[in-house]
Amino acid sequence: MPHRQGIAPDLEPLGSLERTHYCGEIRERHIGAEATLMGWVHRKRDLGGLLFLHLRDRTGVSQIVFNVETQPMAHAKAETLRNEYVIAVRGRIVHRSEDTYNPNLATGKVELVAEDVRVLNVALTPPFQLDEEDSASVGEDTRLKYRYLDLRRPQMQRNVQLRHAITAAVRTSLSDQGFLEIETPFMTRSTPEGARDFLVPSRIQPGTMYALPQSPQIFKQLLMVAGYDRYFQVVRCFRDEDLRADRQPEFTQIDLEMSFAREDSVLEVVERLIHGVCQAAGVSPPSLPLRRMSYGKALQRYGSDKPDLRLPPMAVVTDLIAPGDLPLGGPLVAIRIPRVGHLTRREREQFRAPAAELGLRIFDDFRGLSRKLPQEMAAVRERLGAEDGDFIVLVTGLAVPSGPRPDQTVLESAGTINRRIAHGFADRHGLLDDNDLRFLWVTDFPMFEWDSDQASWSPAHHPFTSPHADDVGKLETDPGACRSKAYDLVLNGVELGSGSIRIHRQDIQSRVFEAIGFTPEEARHRFGFFLEALQYGTPPHGGIALGLDRLIMLLAGETTIRDVIPFPKTARGTDLMCQAPNTVPARNLTELGIALRVSPRPSKA
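Residues numbered from 1 in each chain as written. Predicted model: local features only at pLDDT ≥ 70, side-chain atom pairs only at ≥ 80, totals over all residues. Heavy atoms only, no water.

Novice: What am I meant to see in the sheet that holds strand E3 (residues 60-67) here?
Specialist: Adjacent strands of a sheet form backbone hydrogen bonds with each other and so pair up, either parallel or antiparallel. Spatially, the five strands close up into a barrel ordered E1-E2-E3-E5-E4, and their pairing is mixed. Neighbour-to-neighbour, the strand axes of the sheet open up by a mean angle of 55°, direction not taken into account. Relative to strand E2 (residues 50-57), strand E1 (residues 34-46) is paired through six bridges, and the arrangement is antiparallel. Bridge assignment links Val41 to a residue of E2, and that residue is Leu55. (Pairing = 2+ DSSP bridges. Helix = DSSP H or I, 4+ residues; strand = E, 2+ residues; numbered from the N terminus. Axes fitted to C-alpha atoms, helices over the stretch in contact; angles between N-to-C directions.)

Novice: How should I be thinking about helix H7 (residues 263-280) in this particular structure?
Specialist: Since the α-helix turns once every 3.6 residues, residues separated by three or four places project in the same direction. Between its first and last C-alpha atoms H7 spans 26 Å; for 18 residues at 1.5 Å apiece the expected length is 26 Å, and the two agree. For H7, the complete set of buried residues consists of Glu263, Ser265, Val266, Leu267, Val269, Val270, Glu271, Leu273, Ile274, Val277 and Cys278. Gly282 lies just past H7 and shows a positive phi near 75°. (Expected span 1.5 Å × (residues − 1). Buried < 20%, exposed > 50% of the residue type's maximum accessible area, 1.4 Å probe, protein only.)

Novice: Would you mind showing me how to read the pattern of salt bridges here?
Specialist: Between side chains of opposite charge, pairing is possible as soon as their charged atoms come close. Evaluated as defined, the whole model comprises 38 salt bridges. Across the salt bridge formed by Asp434 and Arg310, the nearest N and O atoms sit 3.9 Å from each other. You can see Asp434 sitting in the loop between helix H13 (426-429) and strand E16 (439-443) and its partner Arg310 sitting in the loop between helix H8 (295-302) and strand E12 (315-316), a full 124 residues away along the chain. Each member of the salt-bridge network shares a partner with another, and the members are Arg143, Arg147, Asp150, Arg153 and Asp563. (Salt bridge = Lys/Arg side-chain N within 4 Å of Asp/Glu carboxyl O.)

Novice: So what exactly am I meant to see when it comes to the environment of Leu222 here?
Specialist: Structurally, the position occupied by Leu222 is in helix H6 (residues 217-225). Taking the C-alpha atoms as reference, Leu222 lies 8.6 Å from Thr538; in sequence the two are 316 residues apart. Among residues more than four places away in sequence, those in contact with Leu222 are Phe529, Phe530 and Ala533. (Contact = heavy atoms within 4.5 Å.)

Novice: Explanation requested: the side chain of Asp255 in the structure shown.
Specialist: Within the secondary structure, Asp255 is located in strand E10 (residues 250-259). For Asp255, the side chain forms a polar contact with the side chain of Lys220, separated by 3.0 Å. Among the polar contacts made by the side chain of Asp255, one reaches the side chain of Tyr231 at a distance of 2.8 Å. Ignoring any residue separated from it by four or fewer positions in sequence, one finds Asp255 in contact with Pro216, Lys220, Tyr231, Phe232, Gln233, Val235, Ile544 and Ala545. (Polar contact = N/O pair within 3.5 Å; in protein donor to acceptor, adjacent residues only side chain to side chain.)

Novice: What is the right way to look at the environment of Val41 in this model?
Specialist: Turning to its location among the elements, Val41 is positioned in strand E1. A C-alpha to C-alpha distance of 10.0 Å links Val41 and Val122, two positions 81 residues apart in sequence. Other than its neighbours up to four places away in sequence, Val41 contacts Leu53, His54, Leu55, Arg56, Leu81, Arg82, Asn83, Glu84, Tyr85 and Ile87.

Novice: What exactly am I supposed to notice about the packing of helix H15 (residues 506-515) against helix H16 (residues 520-533) here?
Specialist: Packed helix pairs are specified by the crossing angle of their axes together with the interaxial distance, meaning the distance between the axes. The contact between H15 and H16 brings their axes to 12 Å, and the two run at 160°. Between H15 and H16, the crossing angle belongs to the class labelled roughly antiparallel. Along this stretch, H15 crosses H16, giving a crossing that reads as right-handed. Only Ala523, Phe527, Phe530 and Leu531 of H16 make contact with H15, whose side of the interface consists of Gln506, Gln509, Ser510 and Phe513. Its residues placed into classes, the contact of H15 with H16 shows five nonpolar, three polar and no charged. (Parallel < 35°, antiparallel > 145°, perpendicular 65-115°, else oblique. Left-handed = near helix turned anticlockwise from the far one by under 90°. Nonpolar A, V, L, I, M, F, W, Y, C, P; charged D, E, K, R; others polar.)

Novice: Help me understand the packing of helix H5 (residues 154-176) against helix H17 (residues 548-556) in this model?
Specialist: For the pair H5 and H17, the least separation of the axes is 10 Å and the interaxial angle reads 120°. As the angle between them shows, H5 and H17 are arranged oblique. In this structure, H5 crosses over H17, and the sense of that crossing is right-handed. Across the interface between the two elements, Asn159, Leu162, Arg163, Ile166 and Thr167 from H5 touch Leu548, Asp549, Leu551, Ile552, Leu555 and Ala556 from H17.

Novice: In this structure, what is going on with H17? I would like to understand it.
Specialist: The buried count for H17 comes to eight of nine residues, which makes it a mostly enclosed element. Restricting attention to buried positions, one finds in H17 the residues Leu548, Asp549, Arg550, Leu551, Ile552, Met553, Leu554 and Leu555. Taken from the residues just after H17, Gly557 is the one with a positive phi, measuring 75°.

Novice: Where do I start with the packing of aromatic side chains in this structure?
Specialist: Two measures describe an aromatic ring pair: the distance that separates the ring centres and the angle between the ring planes. One pass over the structure, following the stated rule, counts twelve aromatic pairs. Measuring from centroid to centroid gives 6.2 Å for Trp441 and Tyr487, while their planes differ by 85°, and the two rings are edge-to-face. Taken together, the positions of Trp441 in strand E16 and Tyr487 in strand E19 (residues 486-491) put the pair 46 residues apart, joining distant regions of the chain. A relative accessible area of 0% places Tyr487 in the buried class. Through pairs of rings, three or more aromatic residues link up here, namely Phe464, Phe513, Phe518, Phe527 and Phe530. (Phe/Tyr/Trp six-rings, centres within 6.5 Å; stacked < 30°, edge-to-face > 60°.)

Novice: Where do I start with the nonpolar core in this structure?
Specialist: In summary, soluble globular proteins display a tendency toward joint burial of nonpolar side chains. Ranked by size, the top nonpolar core spans 41 residues in total, and within it Ile166, Leu174, Val266, Val270 and Leu489 carry the most contacts. Per-element tally for this core: the top contributor is H7, with eight residues. Non-local contacts of Val266, meaning those with residues more than four positions away in its chain, are made with Leu256, Met258, Ala261, Tyr487, Ile501, Gly542 and Gly543. Core analysis: the next-biggest nonpolar cluster, separate from the first, contains 34 residues, Ile337, Ala414, Phe425 and Leu432 among them. (Core = buried A, V, L, I, M, F, W, Y, C linked by side-chain atoms within 4.5 Å.)

Novice: How should the sheet that holds strand E13 (residues 333-337) be read in this particular structure?
Specialist: Strand order in this open sheet of four strands is E12-E13-E15-E14, and the pairing throughout is antiparallel. A strand with exactly one partner marks an edge of an open sheet, and here the two such strands are E12 and strand E14 (360-363). On the sheet, helix H9 (residues 345-357) packs against E14 and strand E15 (391-397) and is oriented at approximately 155° with respect to E14.

Novice: Would you explain the side chain of Gln63 in this entry?
Specialist: Here Gln63 shows up in strand E3. Since its relative accessible area comes to 6%, Gln63 is described here as buried. In this structure the side chain of Gln63 is engaged in a polar contact, spanning 3.5 Å, whose partner is the side chain of His54. Leave out the neighbours within four places in its chain, and Gln63 touches Phe52, Leu53, His54, Arg96, Glu111 and Leu112.

Here is the structure:
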């Protein structure tokens, strides 16, 4: 358990003392200046007559020197200080002697010679060290339980400040492009957007519920109806869904919408936004315009609608193999991982079992295949653009897949294996450099995807996405062939945002609802106000929502969005610091007319 160390000093008021400099900003140009620094004791080294202390605030660390001969009272008080005590120090900034420079500190050529110190507060011994090198081994649950301490660590302070810089750049870019920041409601009605809603019971109207918004989708479209032709918002959204490293029950997105816009108009706005965000983050901005790839090509080349362009594309090579030469269950896909060389049998075992679980047959002995089918395998190498030292593997389905889009199953599974092999041997081929940022637009998504559980079509994005004009006639006759005016922004295999040109005609919107199985009565119950609004002169419009947390995560070089959100939930959706979710007093439930029914836990046999 944490405990106090040593003799606690008398605490002193701040009084009229004011900070003159932040700890991380003093430099050689400040030499000779009187300065007052305030912050937390980071580290202390007592050499007897001289005591050296590192003082930390959100900008960095400065070294403070206490000399027993010149300032005995300040030195005596400094001896009582412990890590994380809160202090204010007044003194003069001097040049360090050259042999004591600290190249690891931005302030490493100067120090403050203390003349006076005030102890503003004491601290318990932290449950973990806050030094960068010492905190790496601390479990995430411990860090999240004491998040207010974890946020003091330099890494977290850099991430939070980066978050501020990126958010400020977003607002500047969109404001400069004529967008208005407009807030939309947090308490609204439940709508089907692909995940469960968080529900808020109404006390005034018992038996009814608000829902926290999964996105401001309908409201931002209503703003287009209202004539606010360029809207944006940095907005909190809520989804009660299964969690992963890049998901949270509450998250932040950059939301924008614009009227009289073609797809190119939206993409150009976002590209300028990304350019400004990268500059604010200290990252080399991408060349504009960003690369674009259709959904069909992304699926065929990468087996994914969010391709990682750091990997070489796959190739469908079914046409290069004569019937009967290899047992095929759907398309035959060739995968190339550069510079990996020959893999041992044990190394190949790492992806054989996952391939079988995905319903794939895998041919990983390319040397053997080249002896058996030399001309065919030479053609495969040529199509892949393979070089000496590249690892090549072929995959196909265990059986011919069924469903509305049978080849898609094999391609997506092949893409999964491609990524697994690449990440498994990343240290050998050097492709997956986190500093190599590859932005991509994926366009021309299918309008619908088949829901095998419900045996029906569901929106590939959301039901407000406009179909291609040429495909409107297929809404009733062939929904699987309908293309949408949807587009996603992808970075290194991570979807940053999803957007589309919206439906602005009431008749088309009604037909889309019908295509996904809504009866006219159900559509009116859920969206009657929206369908009515579409009849009052709705302009053509489109927009996008970008995941701010994911964007910051990638630009910060982190692997989880929990490290770029000040107060996140765990992977189980729990706030360990506040112990939420939690129970509420019975009287609160009574006021809401709610009775809880707790399902019994299954017994352990």
